[in-house]
Amino acid sequence: MNFENNLAFAQALDQQDILREMRNEFLFPQQNEKPFIYLCGNSLGLQPKVTREVLEVQLNNWQNLAVEGWFDGDSPWMFYHKELKKLMAPIVGAKPSEVCPMNTLTVNLHLLMVSFYQPKGKKYKIIMEAGAFPSDQYAIESQVRFHGFNPSDAIIEVKPKEGEYTLRTEDIIGAIEENADELALVLFGGVNYFTGQWFDMPAITKAGHKIGVVVGFDLAHAAGNVPLALHDWDIDFACWCSYKYQNAGPGGISGIFVHEKHFTNTSLNRFAGWWGYKEEQRFKMEKGFIPELGADGWQVSCTQVMPMALYHASLQLFEKSGFINALRTKSKTLTSYLFYVINEVNMKLGEEQFKIITPLTEEDRGAQVSIIAKADGKKIFDQLVANNVLGDWREPNVIRLSPVPMYNSFEDVFKTGELLLTISQNLK
Ligand SMILES: *Cc1c(COP(=O)(O)O)cnc(C)c1O
């Protein structure tokens with residue numbers, strides 16, 4: 001599309017946007033009695049208006065039914081997760097039986113590694129991307145130590161080429177092949193939190209499987225952002241959080257994916273708990289763990305009803321938006337427009353004040369643009385916030401701007417560019 005850098009053009013795109021009404025479903029934070037242009041949905045999604053209502057239903061159930069709420073009422077808590085599974089599955093391209101809401105993300109990463117990181121003899125290493133989200137680094141380091149290995153030996157990090165910010169798929173695949181004899185697990189992010197790079201998940205999975213190794217993904221920045229086909233891509237396991245692109249509130253519940261081919265694999269270790277027990281027999285309270293078939297069999301503790309209600313509310317908005325396809329169509333154009341607008345700012349300034357480190361190609365990124373200012377990055381970021389544009393700052397030098405198709409407009413993007421230009425001009 002031939003973009004134009006003016007308000008009328010941005011507003012015309014908003015007029016044509018079939019999802020334009022969706023932003024009315026959300027509550028925007030305010031400053032100086034004006035709503036923020038919120039470009040931080042990659043960190044914490046906005047609160048849907050319906051959330052309070054959905055939560056209230058469960059508060060009422062608790063009030064009116066108390067313990068009977070587990071089995072009585074319109075939607076007994078015992079089976080509440082099943083309503084979420086139906087809505088989660090299309091977001092990640094899975095069968096409902098392959099997904100389950102439970103715990104929080106890093107906890108699930110640990111639980112899934114208990115099952116899927118099974119070092120044997122020479123094959124004990126894990127390959128991951130360099131610069132992964134710190135929680136993932138710590139989880140993987142501690143898992144490796146738990147098995148008696150040294151992280152600096154057992155973890156292989158794939159790094160960008162000198163002078164580059166993002167990884168090349170051929171380098172990832174090359175590293176997997178090179179270490180074939182020693183790998184026990186390939187564990188990558190779906191979309192990198194810092195650069196916004198969306199890795200070629202099917203290619204990475206194929207490369208791992210070709211050498212007989214299990215492949216898992218942390219989809220914190222991918223789920224609800226880019227279209228996924230976890231089942232068809234034959235990914236072994238994955239987990240994500242619900243509070244970034246999926247708007248389920250701070251500390252929101254996590255989701256897991258386990259491919260159905262592993263459902264009856266009894267050689268997988270599990271850290272078990274009563275909620276993963278076979279559903280019909282769970283309340284017989286018998287000795288000896290028998291897992292429920294499917295992702296549900298990885299549950300440990302009883303249903304977190306309130307966090308699930310928060311997730312449920314926002315999943316209903318995904319359903320209303322036609323799940324991920326319509327969102328992705330808008331997202332591609334919206335984020336491309338942000339690339340364009342930032343380049344326009346550079347052009348008007350007569351120099352590359354803002355270096356974009358997120359891949360430009362649509363297949364290599366989602367709804368995030370990471371920029372590095374040539375100078376005064378933190379100052380520019382603070383002034384954006386002071387002027388009602390909320391992105392986020394990531395040390396040491398990156399401003400992340402994330403136009404979310406569910407609630408951001410083309411006008412938001414245009415105005416952000418305008419503001420970046422004014423701030424930069426006034427710095428001189
Ligand atoms: C946001 C994020 C986390 C956060 O983990 P929590 O356990 O939810 O605090 C972990 N990993 C990645 C890749 C993330 O982007």
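Cut-offs used in this document
- Residues numbered from 1 in each chain as written.
- Predicted model: local features only at pLDDT ≥ 70, side-chain atom pairs only at ≥ 80, totals over all residues.
- Heavy atoms only, no water.
- UniProt positions renumbered as here; feature names shortened; annotations may be inferred.
- Helix = DSSP H or I, 4+ residues; strand = E, 2+ residues; numbered from the N terminus.
- Contact = heavy atoms within 4.5 Å.
- Polar contact = N/O pair within 3.5 Å; in protein donor to acceptor, adjacent residues only side chain to side chain.
- Patch = residues over 30% accessible without salt bridge, like charges linked within 9 Å, V, L, I, M, F, W, Y side chains within 5 Å.
- Areas by Shrake-Rupley, 256 points an atom, 1.4 Å probe, with all protein chains shown as cover.
- Salt bridge = Lys/Arg side-chain N within 4 Å of Asp/Glu carboxyl O.
- Buried < 20%, exposed > 50% of the residue type's maximum accessible area, 1.4 Å probe, protein only.
- Pairing = 2+ DSSP bridges.
- Axes fitted to C-alpha atoms, helices over the stretch in contact; angles between N-to-C directions.

Here, UniProt's "binding site: pyridoxal 5'-phosphate" (unreviewed entry) annotation points to Leu105, Thr106, Phe133, Pro134, Ser135, Asp136, Asp218, His221, Tyr243 and Trp274. In sequence the annotated residues extend across 170 residues, and in space they extend as well, their farthest C-alpha pair lying 30.9 Å apart. Mapped onto the elements of the fold, threonine 106 is located in helix α4 (residues 105-116). For threonine 106, the residues in contact, after removing those within four places along its chain, are Ser135 and Ala139. Of note, aspartate 218 is situated in strand β10 (residues 214-218). Those residues in contact with aspartate 218, other than ones at most four positions away along the chain, are Leu105, Leu109, Asp136, Phe188, Gly189, Gly190 and Cys239.

Of note, serine 370 is situated in strand β14 (residues 369-373). Within polar-contact distance, the side chain of serine 370 engages the backbone oxygen of phenylalanine 194 at 2.6 Å. Residues contacting serine 370, with those up to four places away along its chain left out, are Phe194, Thr195, Gly196, Lys355, Ile356, Ile357, Thr358, Val398, Ile399 and Arg400.

Moving on: a nonpolar patch on the surface. Where nonpolar side chains cluster on the molecular surface, the patch consists of Phe71, Phe79, Trp274, Phe283 and Met285 and spans about 520 Å² of accessible area. Mapped onto the elements of the fold, tryptophan 274 is located in the loop between β12 (254-258) and α9 (305-320). Residue classification places tryptophan 274 among the partly exposed positions, given a relative accessible area of 40%.

Another aspect to go through is the pattern of salt bridges. Summed over all chains, the structure comprises 18 salt bridges. For arginine 23, the salt bridge is made with aspartate 412, and the minimal N-O distance between the two is 3.1 Å. One end of the pair, arginine 23, is in the loop between α1 (7-16) and β1 (26-27); the other, aspartate 412, is in helix α12 (residues 410-427), with 389 residues separating them in the sequence. Accessibility expressed as a relative area gives 27% for arginine 23, which makes it partly exposed. Ionic pairing is found between arginine 168 and glutamate 164, a salt bridge with its closest N-O pair at 2.5 Å. Residue classification places arginine 168 among the partly exposed residues on the basis of a relative accessible area of 33%. Overall, glutamate 164 belongs to the partly exposed group, its relative accessible area being 30%. Among the charged side chains, a network of salt bridges with common partners joins Lys125, Asp153 and Glu182.

Reading across from one edge, β13-β14-β17-β16 is the order of the four strands in this open sheet, with antiparallel pairing throughout. Lying at the two open borders of the sheet, with one neighbouring strand each, are β13 (354-356) and β16 (392-394). Taken over all neighbouring pairs, the strand axes of this sheet differ in orientation by 35° on average, direction set aside. As paired elements, β14 and strand β17 (residues 398-401) share four bridges and run antiparallel to each other. Residue serine 370 lies in a different strand from β17, and its bridge partner there is arginine 400. In the packing of helix α10 (residues 323-349) onto the sheet, contacts are made with β13, β14 and β17, and the angle to β13 comes to roughly 145°.

Before going further, it helps to spend a moment on the sheet that holds strand β6 (residues 99-102). One open sheet holds the seven strands; their spatial order is β6-β12-β11-β10-β9-β7-β8, and the pairing between them is mixed. The open sheet terminates on both sides in strands that have one partner only, identified here as β6 and β8 (155-158). On average, each strand axis in the sheet is tilted by 20° relative to the strand beside it, whichever way the strands run. Of the pairings in the sheet, the one linking β6 to β12 comprises four bridges and is antiparallel in character. When the bridges of β12 are listed, valine 99 appears paired with phenylalanine 257.

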